[in-house]
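# Observations on the model geometry
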Amino acid sequence: MIKIIQQREKCIGCNYCVEVAPDRWAMSKKDGKSVLIGSKDKKGFHAVDVSEIELEANKKAAELCPVKIIQVIQK
């Protein structure tokens, strides 16, 4: 299992995460920021546990994020 964490408030809406991992990320029409699909919000940190299948795409999303608000942790 892996855990993906996003600090959503700092998102600038660049859309890179959606481009490289569209099964896990979407853009909000409300505020133009990315949404970590399936995540739970804990004090501004959105987190979700996913399978290893999503590791590479989400590691790429974290690398491409210009404000470095995506973290991917292997458990």
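Conventions used here
- Residues numbered from 1 in each chain as written.
- Predicted model: local features only at pLDDT ≥ 70, side-chain atom pairs only at ≥ 80, totals over all residues.
- Heavy atoms only, no water.
- Pairing = 2+ DSSP bridges.
- Helix = DSSP H or I, 4+ residues; strand = E, 2+ residues; numbered from the N terminus.
- Axes fitted to C-alpha atoms, helices over the stretch in contact; angles between N-to-C directions.
- Contact = heavy atoms within 4.5 Å.

Now for the sheet that holds strand 5 (residues 45–50). Pairing within the open sheet is antiparallel, and its four strands lie in the order 4-5-1-6. With partners counted over all chains shown, the strands left at the sheet margins are strand 4 (40–42) and strand 6 (70–74), one partner each. Averaged over all pairs of adjacent strands, the angle between strand axes in this sheet comes to 25°, irrespective of strand direction. As defined by bridge partners, strand 4 adjoins strand 5 across three bridges and the pair is classed as antiparallel. Within strand 5, the position partnered with Lys40 by the bridge is Ala47. Sheet contacts for helix 2 (residues 55–64): strand 1 (2–7) and strand 6; angle to strand 6, the most-contacted strand, approximately 145°.

As far as function goes, none of this settles anything; it's purely spatial.
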